[in-house]
Amino acid sequence: MFLLCCKTELIAQYATILGVIATVASAFWALKQYREERNFKKASFFIELRERFKNNSKFNNIRRILENGENINSIIQTDKYDYVGFFEELQIAINSKYISPELVYYLFGYYIIQCDRAQLINRELQLWRAFKQLADKMSELDNNFQYSNKLKF
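About the thresholds
- Residue indices begin from 1 for each chain and proceed along its sequence in written order.
- Per-residue local features of the predicted model are confined to residues with pLDDT of at least 70, and side-chain atom pairs are confined, for both listing and counting, to 80 or more; whole-chain, interface and lining totals are unaffected and use all residues.
- Based on all heavy atoms of the structure, the side-chain values leave hydrogens and waters out of the count.
- Secondary structure elements follow DSSP: runs of H or I no shorter than four residues count as helices, runs of E no shorter than two count as strands, and numbering proceeds from the N terminus.
- Every radius of gyration here is taken over C-alpha atoms, with the globule rule written as 2.2 Å times N^0.38, N being the number of residues.
- Only protein chains enter the area calculation, which uses a 1.4 Å probe; residues under 20% of their type maximum are buried, those over 50% are exposed, and those in between are partly exposed.
- What makes two residues a contact is simply this: any of their non-hydrogen atoms within 4.5 Å.
- For every accessible area listed, the method is Shrake-Rupley and the probe measures 1.4 Å; residues are considered covered only by the protein chains on display.
- Under the convention used here, Asp and Glu are negative, Lys and Arg are positive, and both His and the chain ends fall outside the count.
- Each charge is placed at NZ for Lys, CZ for Arg, CG for Asp and CD for Glu.
- The pairing test for Phe, Tyr and Trp rings, Trp by its six-membered ring, is centres within 6.5 Å, and the orientation test on the planes gives stacked under 30 degrees, edge-to-face over 60, and tilted for anything in between.
- By definition here, charges over rings are those cases where NZ of Lys or CZ of Arg is within 6 Å of the ring centre and within 35 degrees of the ring normal.
- Multiply 1.5 Å by the residue count of a helix minus one, and that product is the helix's expected span.
- Note on patches: the residues involved have over 30% relative accessible area and no salt bridge, like charges join within 9 Å, and the nonpolar side chains Val, Leu, Ile, Met, Phe, Trp and Tyr join within 5 Å.
- Think of a salt bridge as a Lys or Arg side-chain nitrogen and an Asp or Glu carboxyl oxygen that are within 4 Å of each other.

Asks: How should I be thinking about the overall build of the chain in this particular structure?
Replies: Helices and strands together make up the secondary structure of the chain, namely five helices and zero strands. Going from N to C terminus, the chain has its helices and strands arranged as α-α-α-α-α. Over its C-alpha trace the chain gives a radius of gyration of 26 Å, far above what one expects of a compact globule, namely 15 Å for 153 residues. Considering only C-alpha atoms, the chain reaches an extent of 95 × 30 × 30 Å along its principal axes. Counting across all 153 residues of the chain, residues that qualify as buried make up 31%. Of the contacts made within the chain by residues no fewer than 6 positions apart, 66% connect residues no fewer than 24 positions apart. Summed over its atoms, the accessible surface of the chain is roughly 10600 Å², and 57% of this surface lies on carbon and sulfur atoms. With 21 positive and 17 negative side-chain charges, the chain shows a separation of 5 Å between the mean positions of the two kinds.

Asks: What is the right way to look at the packing of aromatic side chains in this model?
Replies: Any aromatic ring pair is given by two values, namely how distant the centres are and how the planes are angled relative to each other. Throughout the structure, instances matching the rule amount to 16 aromatic pairs. Measuring from ring centre to ring centre gives 5.8 Å for F86 and F87, while their planes differ by 70°; the resulting arrangement is edge-to-face. Looking at F86, the relative accessible area reads 1%, which means it is buried. Sitting above the plane of the F53 ring, R63 keeps its charged end 4.4 Å from the centroid.

Asks: Looking at this structure, how should I read helix α3 (residues 77-95)?
Replies: Between the first and last C-alpha of α3 there are 26 Å, a value that for 19 residues agrees with the 27 Å anticipated at 1.5 Å per step. Along α3, the positions that sit buried rather than exposed are D79, K80, Y83, V84, G85, F86, F87, E88, L90, Q91, A93 and I94. Where α3 terminates, the next one or two residues include K97, which has phi positive at roughly 60°.

Asks: How should a nonpolar patch on the surface be read in this particular structure?
Replies: Together, L10, Y14, I17, L18 and I21 give the surface a local cluster of nonpolar side chains, amounting to about 530 Å² of exposed area. Relative to the assigned elements, L18 resides in helix α1 (residues 2-54). Classification of L18 by relative accessible area gives exposed; the value is 58%.

Asks: What should I look at first to understand the pattern of salt bridges in this one?
Replies: Pairs can form between side chains of opposite charge once their charged atoms are near each other. Counting across every chain of the model gives nine salt bridges. Here D116 and R123 are joined by a salt bridge, their closest N and O atoms 3.5 Å apart. By the burial criterion, D116 is buried, and R123 matches it. For the salt bridge of E140 with K137, the shortest nitrogen-to-oxygen distance reads 3.4 Å. Here the residue E140 and the residue K137 both occupy positions in helix α5 (residues 129-144), the gap between them amounting to three residues, near one helical turn. Judged by its relative accessible area of 28%, K137 falls in the partly exposed class. Within the structure, one salt-bridge network assembled from shared partners comprises D116, R123, E124, K132 and D136.

As structure tokens, this is what we get:
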């Protein structure tokens, strides 16, 4: 009888240990899946942003004007605001820790700095504080950026 009782307790202990191991393994697996899904969503978000930026005819026109040093007064004010507003969305995503400044710099930094240098808008206005913050960070990165394979979503 004593032996049966000890065997039952031993089986219960093993079952408890196996249950804990299974629970911990499931938690790690769920966390891994969550991270992969989060990274996929970030990548999708960024790809969508790049598509929006590259396929917008008004943005293409502004980029062409800035690239060629043409007169920025030929750009309609609402188009300027939309262009700079797009960059502010990037700063908001950085503020939300959704994307890193380095990733933004790598993919959009050139255009942000070019826009800022052309003085497309008055960045000192309260309305453009997010753009000013972004442009300053991109200029800082422009002086120090070293590409590494560590860029990721």
